[in-house]
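Here's the letter readout for the chains.
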Amino acid sequence: MQFFIATVKRAGFGLVLLVAVLALNFVLMHIAPGDVADTIAQDAGGLDAEVMEQIRIDYGLDLPLWQQMAKYFWGVAQLDLGYSFYYNEPVTKLILEKLPATLLLVISAQVLSIFLGVMLGVMAARKPTGMTSHFVTVLSLVGYAAPVFWTGIMLIILFAVMVPIFPIGSMVDVSVEREGIAYAMDVLRHLVLPAVTLGSIFLALYSRLSRASMLDVLGSDYVRTAQAKGLSEFQVVYKHALRNALLPVVTTVGLVMSGIVSGAVLVETVFSWPGLGTLAVQSIIARDTPTILGILFFSSLVVVVANLLTDMVYRIIDPRIKTSGGSNL
Amino acid sequence: MRFSMKLISALGAIVLALTGVTVQADTPKAGGTLIMSVGGTPRHLNPAVQSGIATGAPGAQLFATLVRFDDQWNAHPYLAKSWDVSDDSRTVTFQLVEGATFHDGKPITSSDVAFSIKIIKENHPFKTMFGAVESVETPDANTAVFKLSQPHPALMLALSSQLGSIIPEHIYGDGQDPKKHPRNSENVVGSGPFKFVEFVRDQHIILERNENFFIEGRPYLDKIVMRIIKDPSARSLGRENGEIYMSAFESLAQDIMHAKGISHLTATDQGYAAIGPIFWYAFNTKKEPLSDVRVRQAIAYAIDRDFLMNAISQGTTKAAYTGIHPDSIFHEPNVEHYDLDLDKANAILDDAGYARGSDGMRFPLTVDFGWPGAKPNAEYLKPQLKKIGIDIEVRTSAGFPAWAKTVSNWEFDITTDVVFNWGDPVIGVHRTYLCDNAKKGVIWSNTQRYCNEEVDALLAKAGQENDQGKRVAYYSEAQKLIAQDVPIYFTESLPYHTIYNHTKVGNPPNTIWGTCAPMDEVYLKN
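Small disclaimer: the values here were computed from a predicted structure and weren't measured.

**Quick word on the state of the cysteines**
Residues and elements named next belong to chain B.
Phase 1: Considering all chains together, one arrives at one disulfide over all chains under this definition.
Phase 2: Here Cys-435 pairs with Cys-451 through a disulfide, and the sulfurs are 2.0 Å apart. The S-S bond linking Cys-435 to Cys-451 shows a torsion near 95 degrees; that makes this disulfide right-handed. Of this pair, Cys-435 sits in the loop between helix H13 (425-428) and helix H14 (453-462) while Cys-451 is found in the loop between H13 and H14, placing the two residues 16 residues apart along the sequence.

See below:
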């Protein structure tokens, strides 16, 4: 019951937040100089005055701000995210087209980097002054400091141009028709470089985090107790210590997942990955208000869901955490 | 048929000249998939209601036009097998190719032509293209008669690649708004050499051979895959590793120079004469002190065109002295060039009474730029114009719409930008100078608010003159007058290049419209 109330409370907060986010961004997009008619003129190589006027009337840009907003929110209340000015398509359709690609990329990169990062972190923590530890430190510093587009281009030069085993970008090879397993393998082949590139930042983050928190935990009393009981090294490290050391990592995963759209923009651009990030940037540049608000709507949903999931994972890993009325929202 | 053989041999000769290799001209062969890259996603694929190169490249493959142009500005039969201009130049009669069909098998008739012109006239952004067309009469299914209110020499270019697409009336005539028609990007039924297969935003456009194309034996290619790759470095690497056979509209000097150093790639600047992109510095001629023609002339003398072309563009561009592209037959190179002369520039400003202050500066000015590619040209002005005592502030805009708002509302001093000719000067050049086209809020109108009655009169005459020689003379005089007044200082062409893998691509699209023309003659070597 307590958990239920906490969840409802959070959902309520989330809703208020969502409305605030949308309203704020609506105003921001309105303040930004220029509008979608200018962008359409750019694509067209110039427009006549009447045509530009007509575009502004068609999209309701000539109405006062409050009327535009009222119209938009009335639509959202009916679960209609509106119609993209720039693409002439329903916003929901545009987003659902792009969402799978982004999810595939971000989740692969996350799984890869959590697994590798935690493993490296633990290895480093066990001998904090050994070679492995130094290696992990250097690797994570480089991985974190290198700009992601640079890492991407370097990987392309190495593995697509010098040793051409992977393609330079896109999600599928459309010059040949494939189905079933062959298609999946083709997507996988295209996924490797972008996932590794995006994973490189997270890898650094997770390995450093898990190294630090493992070091912390390994020095605590209950670990010494476990060792004194005569448990094997494996059991001590992976069953007793790691479980506690994972908490900060889980928190970070939750935080990172909420940045799903922003995080992948550069990687998507470098690898021509057809995801949400590219759509978001394009619609900001194009002043395509309904699309950008739609994407924000979806990202806000992702944040809420990611937070809930993080909470649940906490409970599984650490039974000490009881439902405490959403104090850590 | 005769013309096409001529065209093929002409293109062959160009390829030979460019590669510098003496080999037997290959005979085109059928089959294969051309993989090319494009730099952006088009809004949709219907060029009748959407202009611009993103729609133009796939659009010209999907939709045929009445005429097509070669690389020397000559019109050739395409969907029209012949045409006839009346003595008073007010009636143009086209005979359509017999038996031509749309991709769904329905015949292409004169009524589709009349319908297409009506749709373009009502919806296409370039109002001047068919402004003079009063009506299109259809005495029979294969004859379309254009009735003009005045002689209209721009008609042929307006009826060519990507500007005058013939679209099916039985699909777009259903009463829906053609600009938002669902068939603009899904299940597109066209009239051109290639049929629509798939369009996935930000990923690719796939086209396949139209086996019932009205030109026998064409197109050669089975399929064209246009991969949408926004990152220029990724495109460059894709060409290098052989994944991409051809990219058009590449404009970064470093990518062009890089391609020139790779043995399997050829970079050519042929194919951009009609689009005609030119770099310029535009002045706000109604704002002090730029309203003084002497100030504008002094600035022009202080800008070193050679430096821009050699240092910034690395020799990939052509000098442009006027607003008509150097590849156009109407370009007049013999105007005042304003070659670098700092002493003269300083003397003009001294004589005009703009004395230097205690800090050595005469007056401050701002410079805006419309897109990242023009930033170096804007920044160049700061140190350069300091030499003649003008204190320049470079203003960065929050993207294109922000810049467009500033410039179109006349809140600027100097702005640097690239503007396109779009084939005939009537379409893309007149708009920059006509007194009555200084329209607030409209970008790429006469945002300089330049007004010279003499220039207006010359442009009006040139826009209605069917005699090529006389037209050239009118434009020549107009360009000279404009150069005297310098509402805009022109520097160079934008270095658009087509980069292709010459071991794979035969007959690269080198006509005046480049890849925005039908690629039915392009073929793949082995």
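**Considerations on the domain arrangement of chain A**
Residues and elements named next belong to chain A.
Phase 1: Under the domain assignment used here, chain A contains domain 1 (2-91) and domain 2 (93-317).
Phase 2: Taking the mean C-alpha position of each, domain 1 and domain 2 sit 31 Å from one another.
Phase 3: On the domain 2 side, the residues contacting the 26 residues of domain 1 number 24 residues.
Phase 4: Approximately 2300 Å² of surface area, both sides summed, lies buried where domain 1 meets domain 2, with 72% of it carried by carbon and sulfur atoms.

**Some thoughts on unusual backbone geometry**
Residues and elements named next belong to chain B.
Phase 1: Here the residue pair Arg-218 and Pro-219 is connected by a cis peptide bond, since its omega of -10 degrees sits within 30 degrees of zero.
Phase 2: One non-glycine residue with positive phi stands out, namely Gln-314, at about 50 degrees.
Phase 3: Secondary-structure assignment places Gln-314 in the loop between helix H9 (305-312) and helix H10 (342-351).
Phase 4: Judged by its relative accessible area of 36%, Gln-314 falls in the partly exposed class.
Phase 5: Despite not being glycine, Asn-507 has its phi angle at roughly 50 degrees, a positive value.
Phase 6: As for its position among the elements, Asn-507 is in the loop between strand S19 (505-506) and strand S20 (523-524).

**Concerning the side chain of B:Thr65**
Phase 1: Among the secondary structure elements, B:Thr65 is positioned in the loop between helix H2 (53-62) and strand S2 (67-69).
Phase 2: Among the polar contacts made by the side chain of B:Thr65, one reaches the main-chain carbonyl oxygen of B:Val67 at a distance of 2.8 Å.

**Looking at the interface of chain A and chain B**
Phase 1: In this assembly, 53 residues from chain A lie in contact with 46 residues from chain B.
Phase 2: Area buried by chain A at its contact with chain B is led by A:Tyr87, A:Ile168 and A:Val174, which between them contribute 15% of it.
Phase 3: Where chain A touches chain B, the interface holds four salt bridges.
Phase 4: For the pair chain A and chain B, the interface holds eleven residue pairs in polar contact (both at pLDDT 80 or more).
Phase 5: The set of elements that each furnish at least two residues to the side of chain A that touches chain B consists of helix H2 (36-44), helix H3 (49-58), helix H5 (91-126), helix H7 (148-162), helix H12 (265-270) and helix H13 (276-285) of chain A.
Phase 6: The greatest single-element share of the side of chain A that touches chain B, amounting to seven residues, is contributed by H2(A).
Phase 7: For the side of chain A that touches chain B, a count of residues per class yields 27 nonpolar, 13 polar and 13 charged.

**Quick notes on the sheet that holds strand S12 (residues 265-268) of chain B**
Residue and element names in this part refer to chain B.
Phase 1: As summarised here, the arrangement of the seven strands in space is S8-S9-S10-S1-S11-S18-S12, forming an open sheet in which the pairing is mixed. Looking at which strands have only one partner, the edges of the open sheet turn out to be strand S8 (194-200) and S12. Pairs of neighbouring strands in the sheet enclose a mean axial angle of 20 degrees, with direction left out of account.
Phase 2: Judged from the three bridges that link them, strand S11 (residues 246-250) and strand S18 (residues 497-501) form a sheet pairing that is antiparallel. Across the sheet, the residue bridging to Ser-247 is Ile-499, located in S18.
Phase 3: Sitting on the sheet, helix H7 (residues 253-260) touches S11, S12 and S18, and the angle it makes with S18 is about 35 degrees.

**Some words on empty space enclosed by the protein**
Once rolled over the atoms, a probe with the size of a water molecule shows which space is left empty.
Phase 1: Going through the model one piece at a time under the given rule, you end up with ten cavities of 30 Å³ or more.
Phase 2: In this structure, the largest cavity encloses a volume near 170 Å³.
Phase 3: In this structure, the largest cavity is lined by 16 residues; those nearest its centre are A:Ile40, A:Ile55, B:Arg43, B:Val49 and B:Lys179.
Phase 4: Elements with a contribution of two residues or more to the lining of the largest cavity: H2 and H3 of chain A.
Phase 5: Of the residues forming the lining of the largest cavity, the biggest block, three residues, is contributed by H3(A).
Phase 6: For the lining of the largest cavity, the residue count by class is eight nonpolar, four polar and four charged.

**Brief notes about the confidence of the model for chain B**
Phase 1: For chain B, mean pLDDT is 92; residues scoring 70 or higher make up 95% of the total.
Phase 2: For the stretch residues 1-6 of chain B, pLDDT sits under 50, and the model shows five contacts to residues farther than four places along the chain or on other chains.

**Description of the sheet that holds strand S16 (residues 414-420) of chain B**
Residue and element names in this part refer to chain B.
Phase 1: With respect to topology, five strands assemble into an open sheet ordered S15-S14-S16-S13-S17, the strand pairing being mixed. Strands with a single pairing partner mark the edges of an open sheet, and in this sheet they are strand S15 (390-395) and strand S17 (488-493). Here the average twist between neighbouring strands, direction ignored, is 25 degrees.
Phase 2: Examined bridge by bridge, strand S14 (residues 363-369) and S15 share six bridges and lie parallel to one another. Following the sheet pairing, Thr-366 is matched in S15 by Glu-393.

**Here's the deal with the pattern of salt bridges**
Phase 1: Overall, the coordinates contain 31 salt bridges over all chains when judged by the stated rule.
Phase 2: A:Glu97 serves as the salt-bridge partner of A:Lys93, at 4.0 Å between the closest nitrogen and oxygen. One end of the pair, A:Lys93, and the other, A:Glu97, are both in helix H5, four residues apart, so they sit about a helical turn from each other.
Phase 3: Two residues, B:Asp269 and B:Lys318, come together in a salt bridge whose shortest N-O distance is 3.7 Å. Here the residue B:Asp269 occupies a position in the loop between S12 and strand S13 (277-283), and B:Lys318 occupies one in the loop between H9 and H10, the gap between them amounting to 49 residues.

Rules used in this analysis
- Residues numbered from 1 in each chain as written.
- Chains lettered and ligands numbered in written order.
- Predicted model: local features only at pLDDT ≥ 70, side-chain atom pairs only at ≥ 80, totals over all residues.
- Heavy atoms only, no water.
- Disulfide = S-S within 2.5 Å.
- Helix = DSSP H or I, 4+ residues; strand = E, 2+ residues; numbered from the N terminus.
- Domains from an automatic or database assignment.
- Contact = heavy atoms within 4.5 Å.
- Buried area = accessible area lost by both parts, 1.4 Å probe.
- Buried < 20%, exposed > 50% of the residue type's maximum accessible area, 1.4 Å probe, protein only.
- Polar contact = N/O pair within 3.5 Å; in protein donor to acceptor, adjacent residues only side chain to side chain.
- Salt bridge = Lys/Arg side-chain N within 4 Å of Asp/Glu carboxyl O.
- Nonpolar A, V, L, I, M, F, W, Y, C, P; charged D, E, K, R; others polar.
- Pairing = 2+ DSSP bridges.
- Axes fitted to C-alpha atoms, helices over the stretch in contact; angles between N-to-C directions.
- 1 Å grid on protein atoms, 1.4 Å probe; cavity = no way out; pocket = protein on both sides within 12 Å on 5 of 7 lines; lining within 4 Å.
- Points joined across faces, edges and corners; volume = space filled by probe spheres on them.
- pLDDT = per-residue confidence, 0-100.

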